[in-house]
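The primary structure of each chain is shown beneath.
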4 protein chains.
Amino acid sequence: MYNFKNDYAEGAHPSILNRLIETNLVQQSGYGEDEYGLRAKELLKEKLGNKWATIHFVSGGTQANLLVISSLLRPHEAVISATSGHIYTNEAGAIEAVGHKVIGIATTDGKLKAADIEKVLESYNLKPHVVKPRLVYISNTTEMGTVYSKTELQDLYAQCKANSLLLFLDGARLGHALMAPGSDLLLEDVSRFTDVFYMGATKNGGLLGEAIIFNHSGVGAEFDYIMKQKGALLAKGRLLGVQFLCLFEGELYLKLAQHANLMAAKIAQAIKKEGYHFLSLPQSNQLFPILPMALIQKLTEKYQFYIWQKVDEKEAAVRLITSWATPEDVVDELIQDIRLFAPEGVPVNLS
Amino acid sequence: MYNFKNDYAEGAHPSILNRLIETNLVQQSGYGEDEYGLRAKELLKEKLGNKWATIHFVSGGTQANLLVISSLLRPHEAVISATSGHIYTNEAGAIEAVGHKVIGIATTDGKLKAADIEKVLESYNLKPHVVKPRLVYISNTTEMGTVYSKTELQDLYAQCKANSLLLFLDGARLGHALMAPGSDLLLEDVSRFTDVFYMGATKNGGLLGEAIIFNHSGVGAEFDYIMKQKGALLAKGRLLGVQFLCLFEGELYLKLAQHANLMAAKIAQAIKKEGYHFLSLPQSNQLFPILPMALIQKLTEKYQFYIWQKVDEKEAAVRLITSWATPEDVVDELIQDIRLFAPEGVPVNLS
Amino acid sequence: MYNFKNDYAEGAHPSILNRLIETNLVQQSGYGEDEYGLRAKELLKEKLGNKWATIHFVSGGTQANLLVISSLLRPHEAVISATSGHIYTNEAGAIEAVGHKVIGIATTDGKLKAADIEKVLESYNLKPHVVKPRLVYISNTTEMGTVYSKTELQDLYAQCKANSLLLFLDGARLGHALMAPGSDLLLEDVSRFTDVFYMGATKNGGLLGEAIIFNHSGVGAEFDYIMKQKGALLAKGRLLGVQFLCLFEGELYLKLAQHANLMAAKIAQAIKKEGYHFLSLPQSNQLFPILPMALIQKLTEKYQFYIWQKVDEKEAAVRLITSWATPEDVVDELIQDIRLFAPEGVPVNLS
Amino acid sequence: MYNFKNDYAEGAHPSILNRLIETNLVQQSGYGEDEYGLRAKELLKEKLGNKWATIHFVSGGTQANLLVISSLLRPHEAVISATSGHIYTNEAGAIEAVGHKVIGIATTDGKLKAADIEKVLESYNLKPHVVKPRLVYISNTTEMGTVYSKTELQDLYAQCKANSLLLFLDGARLGHALMAPGSDLLLEDVSRFTDVFYMGATKNGGLLGEAIIFNHSGVGAEFDYIMKQKGALLAKGRLLGVQFLCLFEGELYLKLAQHANLMAAKIAQAIKKEGYHFLSLPQSNQLFPILPMALIQKLTEKYQFYIWQKVDEKEAAVRLITSWATPEDVVDELIQDIRLFAPEGVPVNLS
């Protein structure tokens, strides 16, 4: 059974493990002061074209989200998020547990637009009986696999700045967003058009690790205290430092994401050719095709994946995820099986 | 300008002030151990027909809500509420500030039904990535002025018990609910079909004060610690004790609510007669008539009230609230003005 | 049995109750926007000689403490307090419940000195593994009945400013401190030499109420949101507004404290004359005489008070508190009883 | 410069890295459901002799502490800890940030005794104005390098049970405690005489990881929700699973700790022979010798370590830590240097 459920079913890219072995017995300072991490941060700042950035490495996405938000908000301030946002639904109340309401906005594609923000600001105006919206949380790629264009991000940021809101981008899959076919968004743009964001290694070749980047001086002050307090400051910070150094000293980070995207695009292409539709635009390594139940049934005998949403009695959307580790021959086999297992009478080439 | 904006524009019923004066110099124990409060609690338990109840007096509704919820929930547990619920929108994030997510359910009448609960339980099933729904919060009267029937409350409670959920009723206006014309709900029923609820004095004749009632032994243990910790334990608890004693040793609490309801019913009757509709069923002392903008404009010259919701270019729903202190002659004048100021061509007797 | 346990055993000064009756049916805006409160705030600003002050009325001391501290501190910031400080021992963990460590400093007289602060700053230097001290909490009068001189407060404030610390003064008994015999501290000084403080009415003639004063613009921004969120914003804010207006439009506040102090001084004088010592300097309305157990035993038959601390087998310190409501004849009787009940052989005139 | 500052200056034991490589591309379930972790948990339960135990793997000690404590305590409940305890001083307020006061007890050796607990319970009796002590936190080895005997742990646990207190043991260095020369404490004892404890891998051969063990069914229910909420549930939980499997399928965990202890004992022996005293009994891999400043000065030219505490003008206690990775030849060199660099006139063989 091959697992298309997620992009964290394997360990790490071999070059990361090799680097851990090479550096293993070199004594290093703890708590993020290791030389590998310091070098990785310098490298990242160069790639971002942002010398004012301050960077911290943490273990995972939920941790990154609660650290950033608890660090930046006063008690009465709230977060705006799409209802599909990871913090809104899938973090067991992590943001509320640090004291803040997450205001949800329903979307069709997982992306927030400037108009969404405006609407929230209008409804949260009965001071001081309502929470005060203060930070906008977006994910790129989104939880629906879609990506923001440069213009979309720029517009959203302008709206935030016009309303004294902070813009925070969850980049657990930022590599996949940057390498999405047709994307015009560059890493430098992300650093220019957000206040804070992070780049995930966990889902793109690392054992664990997210690099949190505060783009402007001032924002993110004394963040190390917050990290320590929430249990996020690893004694052996070298584990994170070595990984980010390995991912960013060359182009490994982008290449791994590109591979995942290519594998997904190949699958998406084949699914389209068979005439099936998608719940959301297939743009990155997460696909949400709507398939006949009969086909889904057959596929579950050979592959693991989530049935995401029932559409009607005969169809459901499933989620297929590829990763840096997905072998092309497995992808080819899946494509073949989608064709083979297709029930008769299914519309072809209509999407 | 007469104020129909809320039911807390005046001080307290005169008999309460008199009692404060009579008892003023009698030395009493502090922190809720005064004899007035102790007697009031015994009286209340008798009226509830529930000898296992434990009762605490606090200052206001938001305070009561955050105390009860923080006392009963573990960190990962969440609250289910109508999106019109006071805790969902109008408490500046009080529940999130004590760590808990409030899951919102859109309703048309402000009331939760058993089916709503079921739907939430189905969508919050991806353990441990989602919060765990644990407490259902309802208001009676609701924030839309509607009331629960005995059967509605009983059904909701059964659904809660079947799913290990606690049912918590915000009774900031419970007097008005119990005295709503046609209501079959008795105070004893509220104690039987909820786990915890409170009865508000602030909006029904008191200077301040809500009586929190835990209906079953065990639920609500060590609540006094929580009260102290959240700043809710008044040094001069006698201020609350005297008021509740005064409200409950006779029928004052119910009579004051009845007066408010009667004043509202009279207004509602007149508005219906003029042919206007309502945003929600007029059942208690909060009315949400939909009136022509021209009429609203005229009325604002003589009365204070909230414009609640724009319906279209020509109409809006307004909120009119009566209280124990609303004089009947002002009500009569308002009714006359509604007739007088009615723009020509408005439909009559159609509602 | 007369109660010398505390200064909140009675209701309110009669003039306050009368004012509540006079204003009772005048409709007012809710949530702190009543005209009485607005006028009281203007009056207070005049008395403080501080036009930049922003003032909020809340119900009690624990509430005031947690509101101010949660409003001003970031998550990793901590409070410095004497171990006798109310927040350190007697608020059921209120400050920790809003997320902040209280660093305790042992003192002999309940007062913090500049050197105490320096010592804390030296020991909390292992960034980011320790909390960051950010706010100094003091009480005046202290929990041991002592008072700060103008120079003491000024020095402490200078130390705070030199180290980017906020100084917060808990004035639950500030009236008693200002009126302490020999005190050179004026209300204006408190406003000049702290960042934020409050003046208590609960223990000085009010039914409930503390006036929180932020002395500088900027400090205390959006405090009303925090008040609402923590359940401290009373719907009928007039209850607080009327009381503070009544206490401050003349000299009532100071006169009531003066009476309490005079009654205490009379008792202290008599106790000294009998040759007994005190646990702390008798300066205000809280006395901690060290008395023989035999005498204590006798006194408990006629008076209520706390046995504060055992000294040895034969002696204990007790706490006697007087208030605005303590009648002079009861004081005289107590003094007589202290003389009458004194065991033979007790040293006289040695203190 | 060799680093004796801590036991996390190197990476992981090579066998752990090898195992990570071997298992790297085997697809596994995420979030702690990998087969390696499941097997490691079964193994641990066998070694504990406790089939009711429930086990969770997390990243670090501060994280483990805040997870366990926030999971077990209600809002008004507090923790008792030695003032040398990690949670009391070195976690940036992690426990207060999840809402709980840590009551500090000064000790000479870092260990809590039954009598300490009794004293706290006596002073925290003014319900509901004080916090309620509910959990006792101890470290083994302690932060001073000392260890609990079986009897000491048993007595403390009995005291806890007699007072409805939970006993929680921080075992960041539990391996070192179990392998301390002369220790009679077995792993099974730890599971019998505590309610919850953890065993650290971070400081004993792992890259990161602490195994939290709840000893009784009921305690620790729904802990996975808390882990997710606090950002402690790693997507690639295999990283922890593989490490604990590797450490516990043989005797690696104990052997690594034994090596660290032996290296420390050798150093301690030599220091004693030179006539120096220790701040605390040298029992495990943390040593606190009191050395002349002149000697310390010389040693800092070749070795890194903390100057822990000034004793007087001429002497200070330093902290020397050994680990699984400390080479014996470096230890021998340090011993030689301690002898060589000793200032003349130092007392020999007096300790």
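Residues numbered from 1 in each chain as written. Chains lettered and ligands numbered in written order. Predicted model: local features only at pLDDT ≥ 70, side-chain atom pairs only at ≥ 80, totals over all residues.

**Topic: the overall build of chain A**
This is how the line gets drawn: By the criteria applied, helices consist of DSSP H or I runs no shorter than four residues and strands consist of E runs no shorter than two, each listed in order from the N terminus. Around each residue's C-beta, the other C-beta atoms within 10 Å are counted; 20 or more make the residue buried, 12 or fewer make it exposed, and counts in between make it partly exposed. All C-beta atoms are placed from the backbone. Two residues form a contact once the distance between their C-beta atoms, set from the backbone, is within 7 Å.
What chain A contains, in helices and strands, is 14 helices and 13 strands. The 351 residues of chain A split such that 58% are buried. Look at the contacts in chain A between residues 6 or more apart in sequence, and 75% of them connect residues 24 or more apart.

**Some thoughts on the interface of chain B and chain A**
Quick reminder of the rule: Side-chain classes are defined by residue name, with Ala, Val, Leu, Ile, Met, Phe, Trp, Tyr, Cys and Pro counting as nonpolar, Asp, Glu, Lys and Arg as charged, and the others, Gly among them, as polar.
On the side of chain A, 16 residues touch chain B, which itself brings 16 residues to the contact. Of the residues in the side of chain B that touches chain A, the class split is seven nonpolar, seven polar and two charged.

**What to know about the relation of the copies chain B and chain A**
Going by this rule: Superposing the copies works by least squares over the C-alpha atoms of residues that have pLDDT at least 70 in both of them.
Expressed as a screw operation, the relation of chain B to chain A combines 0.0 Å of axial shift with a rotation of 180°, fitting to an RMSD of 0.0 Å. One copy is carried onto the other by what is essentially a two-fold rotation axis. In this assembly the copies share their binding face: 100% of the residues contributing to the interface of chain B also contribute to that of chain A.

**Some details on the relation of the copies chain B and chain C**
Each copy of the sequence occupies a distinct position, and chain B is placed on chain C by a rotation of 180° and an axial shift of 0.0 Å, giving an RMSD of 0.0 Å. Most of the interface of chain B is mirrored in chain C: 100% of its interface residues are interface residues there too.

**A look at the sheet that holds strand β6 (residues 166–170) of chain A**
Residues and elements named next belong to chain A. This is how it is decided: One bridge is not enough; two strands pair if DSSP finds at least two bridges between them. To get an axis, a line is fitted to the C-alpha atoms, and for a helix only the part in contact is used. The angle between two axes follows their N-to-C directions and goes from 0 to 180 degrees.
With mixed pairing, the seven strands of this open sheet are ordered in space as β2-β8-β7-β6-β5-β3-β4. What marks the edges here is a single partner per strand, and that holds for β2 (54–58) and β4 (102–105). Put simply, the sheet's adjacent strands are angled 20° from each other on average, direction ignored. One ladder, built from five bridges, connects strand β3 (residues 77–82) with strand β5 (residues 132–139); its direction is parallel. Its bridge partner being in β5, Val79 is matched across the sheet by Leu135.

**A few points about the sheet that holds strand β5 (residues 132–139) of chain D**
Residue and element names in this part refer to chain D. Strand order in the open sheet made by the seven strands is β2-β8-β7-β6-β5-β3-β4, with mixed pairing throughout. Of all strands in the sheet, those bounded by a partner on one side alone are β2 (54–58) and β4 (102–105). Neighbour to neighbour, the strand axes of the sheet diverge by 20° on average, direction disregarded.

**Some details on helix α11 (residues 238–248) of chain C**
Counting buried residues in α11(C) gives 11 out of 11 residues, a clear majority hidden from the surface. The inward-facing, buried residues of α11(C) abut α1 (14–23), α2 (35–48), β2 (54–58), β8 (210–214) and α12 (252–273) of chain C.

**Some points on the packing of helix α1 (residues 14–23) of chain D against helix α11 (residues 238–248) of chain D**
Residue and element names in this part refer to chain D. The following threshold applies: When describing relative orientation, an angle under 35 degrees is termed roughly parallel and one over 145 degrees roughly antiparallel, while 65 to 115 degrees is termed roughly perpendicular and anything else oblique. The sense of a crossing depends on the near helix, which, turned anticlockwise from the far helix by less than a right angle, makes the crossing left-handed and, turned clockwise, makes it right-handed.
Orientation of α1 relative to α11, taken along the N-to-C sense of each, is 130°, at an axis distance of 9 Å. One finds that α1 runs oblique with respect to α11. Crossing handedness for the pair α1 and α11: right-handed. Here Ser15, Ile16, Arg19, Leu20 and Thr23 of α1 come into contact with α11, specifically with Val242, Gln243 and Cys246. Residue classes in the contact of α1 with α11 are distributed as four nonpolar, three polar and one charged.

**A closer look at the interface of chain B and chain C**
Of the residues lining the interface, 41 residues belong to chain B; the matching set on chain C comes to 41 residues. When contributions to the side of chain B that touches chain C are tallied by element, the ones reaching two or more residues are α1 (14–23), α3 (61–72), α5 (94–97), α10 (223–229) and α11 (238–248) of chain B. Split into classes, the residues belonging to the side of chain B that touches chain C amount to 19 nonpolar, 16 polar and six charged.

**A look at helix α3 (residues 61–72) of chain A**
We count it as follows: The span one expects for a helix is its residue count, reduced by one, times 1.5 Å.
Taking 1.5 Å per residue, 12 residues should reach 16 Å; α3(A) reaches 17 Å between its end C-alpha atoms and fits that length. All buried positions along α3(A) are accounted for by Gly61(A), Thr62(A), Gln63(A), Ala64(A), Asn65(A), Leu66(A), Leu67(A), Val68(A), Ile69(A), Ser70(A), Ser71(A) and Leu72(A).

**As for the domain arrangement of chain A**
Residues and elements named next belong to chain A. Definition in use: By convention here, the domain bounds are inherited from an automatic or database domain assignment.
One can read the domain layout of chain A as domain 1 (14–250) and domain 2 (253–340). The gap between the C-alpha centroids of domain 1 and domain 2 is 27 Å. Contact with domain 1, which involves 19 residues of that partner, is made by 18 residues of domain 2. Listing elements by their share of the side of domain 1 that touches domain 2, those giving two or more residues are α8 (174–178) and α11 (238–248). Among the elements that make up the side of domain 1 that touches domain 2, the one with the highest residue count is α8 (four residues). Looking at the side of domain 1 that touches domain 2 residue by residue, the classes come out as nine nonpolar, eight polar and two charged.

**Structural notes on the pairing of strand β12 (residues 306–310) of chain D**
Each regular strand shows side chains that alternate between the opposite faces of the sheet. Residue and element names in this part refer to chain D. Pairing of β12 with strand β13 (residues 315–321), which is carried by four bridges, proceeds in the antiparallel orientation. The partner of Ile307 across the bridge, within β13, is Val318. Linking two consecutive strands that pair antiparallel, namely β12 and β13, is a turn of four residues.

**Some points on unusual backbone geometry**
In the segment running from Asn140(A) into Thr141(A), the intervening peptide bond is cis, with an omega of -5°. Within the secondary structure, Thr141(A) sits in the loop between β5 and α7 (150–162). One non-glycine residue, Tyr31(A), lies in positive phi territory at about 55°. Along the polypeptide, Tyr31(A) turns up in the loop between α1 (14–23) and α2 (35–48). A positive phi angle is found at Glu222(D), which is not glycine, with a value near 55°.

**Thoughts on the packing of helix α12 (residues 252–273) of chain A against helix α14 (residues 328–340) of chain A**
Residue and element names in this part refer to chain A. Two elements in contact, α12 and α14, have axes separated by 10 Å at closest approach and are oriented at 10°. As judged from the angle between their axes, α12 and α14 are roughly parallel. Read as a crossing pair, α12 and α14 show a hand that is right-handed. Where α12 abuts α14, its residues Met263, Lys266, Ile267, Ala270 and Ile271 lie against Glu328, Val331, Leu334, Ile335 and Ile338. Residue classes in the contact of α12 with α14 are distributed as eight nonpolar, no polar and two charged.

**Structural notes on the environment of Asp155(B)**
Among the structural elements, Asp155(B) can be located in helix α7 (residues 150–162). Expressed as a C-alpha distance, the spacing of Asp155(B) and Ile296(B), which sit 141 residues apart in the sequence, is 39 Å.

**Here we look at the nonpolar core**
Taken as a class, soluble globular proteins show a tendency for nonpolar side chains to be buried jointly. Inclusion rule: Take the buried Ala, Val, Leu, Ile, Met, Phe, Trp, Tyr and Cys residues, join any whose C-beta atoms are within 7 Å, and the set you get is a nonpolar core.
Counting residues in hydrophobic clusters, the biggest one holds 456 residues, and the most contacted among them are Val136(A), Val136(B), Val136(C) and Val136(D). Ignoring anything within four residues of it in the chain, the contact list for Val136(B) reads Ile80(B), Leu112(B), Ile117(B), Cys160(B), Leu165(B), Leu167(B) and Phe168(B).

**Brief notes about the confidence of the model for chain A**
Selection criterion: The predictor attaches a confidence to each residue, called pLDDT, with possible values from 0 through 100.
Residues at a pLDDT of 70 or more form 98% of chain A, whose mean pLDDT is 96. For this predicted complex, the interface confidence reaches an ipTM of 0.96, while the overall pTM sits at 0.97.

**A look at the environment of Phe244(B)**
Residue and element names in this part refer to chain B. With respect to the secondary-structure elements, Phe244 resides in helix α11. Judged by C-beta crowding, with 26 C-beta atoms within 10 Å, Phe244 ranks as buried. Among all residues touching Phe244, those that are not within four sequence positions of it are Ala40, Phe57, Ala201, Gly209 and Ala211.

**Structural notes on the environment of Phe288(C)**
Residues and elements named next belong to chain C. Note that Phe288 resides in the loop between β9 (286–287) and β10 (290–292). For Phe288, a count of 21 C-beta atoms within 10 Å corresponds to the buried category. Separated by 143 residues in the primary sequence, Phe288 and Gly145 have C-alpha atoms spaced 8.1 Å apart. Other than its neighbours up to four places away in sequence, Phe288 contacts Met144, Gly145, Phe278, Leu279, Ser280, Trp308, Ala317 and Arg319.

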